[in-house]
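Each chain, letter by letter, is given below.
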Amino acid sequence: MRTLNRDFLRRLLEKDSEFRKIYEAHRDYEKKAAKLGKKIYLTKEEEAEEKRLKKLKLMHKDRMEEMVSRSKTQEARGQI
């Protein structure tokens with residue numbers, strides 16, 4: 001995800017439970033994929049799991065970016 005102002009991210013995490021849930025899942029997928037990525041050799045099952053985790057991570061990243069964009073638009077319009 002592109003770099004966000006820490007205060008903006010903190011506010012979004014505090015006020016939007018859906019965003020917080022997606023953000024936490026994204027971080028979890030990232031950690032699990034990184035752990036697999038550190039291995040020298042992956043079994044076929046681990047390769048499939050790593051691929052699955054990366055897809056989920058990307059899906060959550062895209063969703064967070066949509067939510068950030070919507071929130072910034074609302075904030076600019078004074079709706080928040």
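Check the entry above for the structure.
Residues numbered from 1 in each chain as written. Predicted model: local features only at pLDDT ≥ 70, side-chain atom pairs only at ≥ 80, totals over all residues. Heavy atoms only, no water.

1. Digging into the side chain of Glu50
Position of Glu50 relative to the elements: it lies in helix H3 (residues 44–76). When near neighbours in sequence (up to four residues on either side) are disregarded, Glu50 contacts Ala33, Leu36, Gly37 and Leu42. (Helix = DSSP H or I, 4+ residues; strand = E, 2+ residues; numbered from the N terminus. Contact = heavy atoms within 4.5 Å.)

2. Digging into helix H2 (residues 17–37)
Over its 21 residues, H2 extends 30 Å from the first C-alpha to the last, a length consistent with the 30 Å expected when each residue adds 1.5 Å. Looking at H2, one finds that the buried residues are Phe19, Ile22, Tyr23, Ala25, His26, Tyr29, Ala33 and Leu36. Viewed along the axis of H2, the buried residues span an arc of 165°, placing them on a single side of the element. Across H2 from its buried face, at more than 90 degrees, point the exposed residues Lys21, Lys31 and Lys35. Buried residues in H2 make contact with helix H1 (6–15) and H3. Where H2 begins, the capping side chain belongs to Asp16, and its oxygen is found 3.1 Å from the backbone nitrogen of Glu18. (Expected span 1.5 Å × (residues − 1). Buried < 20%, exposed > 50% of the residue type's maximum accessible area, 1.4 Å probe, protein only. Arc of directions from axis to C-beta. Polar contact = N/O pair within 3.5 Å; in protein donor to acceptor, adjacent residues only side chain to side chain.)

3. A closer look at the packing of H1 against H3
The geometry of H1 relative to H3 is characterised by a closest axis approach of 12 Å and an angle of 100° between their N-to-C directions. Between H1 and H3, the angle falls in the class roughly perpendicular. On the side of H1, the interface is formed by Phe8, Arg11, Leu12 and Lys15, while H3 contributes Val68, Ser71, Lys72 and Glu75. A breakdown of the residues in the contact of H1 with H3 according to their chemical character gives three nonpolar, one polar and four charged. (Axes fitted to C-alpha atoms, helices over the stretch in contact; angles between N-to-C directions. Parallel < 35°, antiparallel > 145°, perpendicular 65-115°, else oblique. Nonpolar A, V, L, I, M, F, W, Y, C, P; charged D, E, K, R; others polar.)

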